[in-house]
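These are the residues of each chain, in order.
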Amino acid sequence: MAKQPDDWLDDIPAPQDEEEEEIIWVSKSEIKRDAEILKKLGAELVDLSKSELERIPLDTQLLEAIELAQKIKREGRRRQLQLIGKLLRSREVEPITEALDKLKNRHNQQIVILHKIEDLRTRLLEGGDEVIEDVVALFPSTDRQQLRALVRNAKKERETNKPPKAFRQIFQYLKEQSEIS
C-alpha cells in the first residue's frame, strides 16, 4: 500500500522526555551580538605584538590569520577581522580571553608601579633625608650617596631651568631598584 501524504508524521519518533524535546531558540540579534564580540576579540588579538601573541593559546590557523591581518590595511583588514571572528566561533574562546585578560592586567600593574615611582621621585625632590630613608627602607639595595647626588642635581637643574637629565635619572634608578627588590 502506498503511503499517503500525511503518513510522514508516522516516521517521526515520539519524544521520550520533555527535556529532549526542548529546543533553545536564539534570536538573530543575539547571534549578531555574539559575532560582534568575537570580532572585537579578534581585533584585540591583532593589536598585540608577536611576543604577546606567543603567550596566548592559539592554533596555527588562527595565528596565521592574525599575523596576516597585522600586515593588511583598510578594507582587507576589515574582512580579515571578520574571518578571524568566524574562526573564533568554532573554537573554545575562554582560554584565549583568560590569557588576554592576564596580559592586560600585567600591563595595568606595570602602569601602577611606574606611577608609584613617579610619586616617589616627586617626594624625593620636595622632601629631605627622611624621604631618602623611606626609599632605602623600601628598596634595601639603594645607594644613599648616589640617590642624594641625583636629587641634588635634579634640584639644581630645576632652579637653573636646565633640561631635566638628573630628574629622569632618578626615575630610572628607582625603576631599577624596584625590579631588583
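As annotated in an unreviewed UniProt entry, the protein carries the name Dual-action ribosomal maturation protein DarP and comes from Providencia huashanensis. Regarding the protein, the relevant UniProt record gives this comment under Function (unreviewed entry): "Member of a network of 50S ribosomal subunit biogenesis factors which assembles along the 30S-50S interface, preventing incorrect 23S rRNA structures from forming. Promotes peptidyl transferase center (PTC) maturation." Here is the UniProt Sequence similarities (unreviewed entry) comment for the protein, exactly as written: "Belongs to the DarP family."

Caption draft 1: Region of the structure containing the packing of aromatic side chains. Per the counting criterion, the structure on display carries zero aromatic pairs. Residue placement shows Arg121 over the ring face of Phe167; its charged tip is 3.8 Å from the ring centre.

Caption draft 2: Summary view of the packing of helix α2 (residues 28-46) against helix α5 (residues 74-89). Axis separation between α2 and α5 bottoms out at 8 Å; the angle between their running directions is 115°. The pairing of α2 with α5 is recorded here as roughly perpendicular in orientation. When you trace α2 past α5, the crossing you get is right-handed. Residues Ala35, Leu38, Lys39, Leu41, Gly42, Ala43 and Val46 of α2 form the contact with α5, whose participating residues are Arg77, Leu81, Gln82, Ile84, Gly85, Leu88 and Arg89.

Caption draft 3: Structural context of the pattern of salt bridges. Going through the model one piece at a time under the given rule, you end up with eight salt bridges. Across the salt bridge formed by Lys39 and Glu36, the nearest N and O atoms sit 3.8 Å from each other. Placement of both Lys39 and Glu36 in helix α2 is noted, with a separation of three residues, approximately one turn of the helix. By relative accessible area, Glu36 is classed as partly exposed at 35%. Between Arg77 and Asp47 there is a salt bridge whose closest N-O contact spans 3.3 Å. Of the two residues, Arg77 is situated in helix α5 and Asp47 in the loop between α2 and α3 (50-54); the sequence distance between them amounts to 30 residues. In this structure Arg77 comes out as partly exposed when scored by relative accessible area, which is 24%. Asp47 sits in the exposed class, given a relative accessible area of 59%. Among the ionic contacts, a cluster of salt bridges with common partners joins Glu133, Arg144 and Arg148.

Caption draft 4: Spotlight on unusual backbone geometry. For Arg74, which is not a glycine, the phi torsion comes out positive at approximately 55°. You can see Arg74 is positioned in helix α5. For Asn161, which is not a glycine, the phi torsion comes out positive at approximately 55°. Within the element layout of this structure, Asn161 appears in the loop between α8 (144-160) and α9 (165-180). By relative accessible area, which is 70% here, Asn161 ends up exposed.

The rules behind these values
Residues numbered from 1 in each chain as written. Predicted model: local features only at pLDDT ≥ 70, side-chain atom pairs only at ≥ 80, totals over all residues. Heavy atoms only, no water. UniProt positions renumbered as here; feature names shortened; annotations may be inferred. Phe/Tyr/Trp six-rings, centres within 6.5 Å; stacked < 30°, edge-to-face > 60°. Lys NZ or Arg CZ within 6 Å of the ring centre and 35° of its normal. Axes fitted to C-alpha atoms, helices over the stretch in contact; angles between N-to-C directions. Helix = DSSP H or I, 4+ residues; strand = E, 2+ residues; numbered from the N terminus. Parallel < 35°, antiparallel > 145°, perpendicular 65-115°, else oblique. Left-handed = near helix turned anticlockwise from the far one by under 90°. Contact = heavy atoms within 4.5 Å. Salt bridge = Lys/Arg side-chain N within 4 Å of Asp/Glu carboxyl O. Buried < 20%, exposed > 50% of the residue type's maximum accessible area, 1.4 Å probe, protein only.

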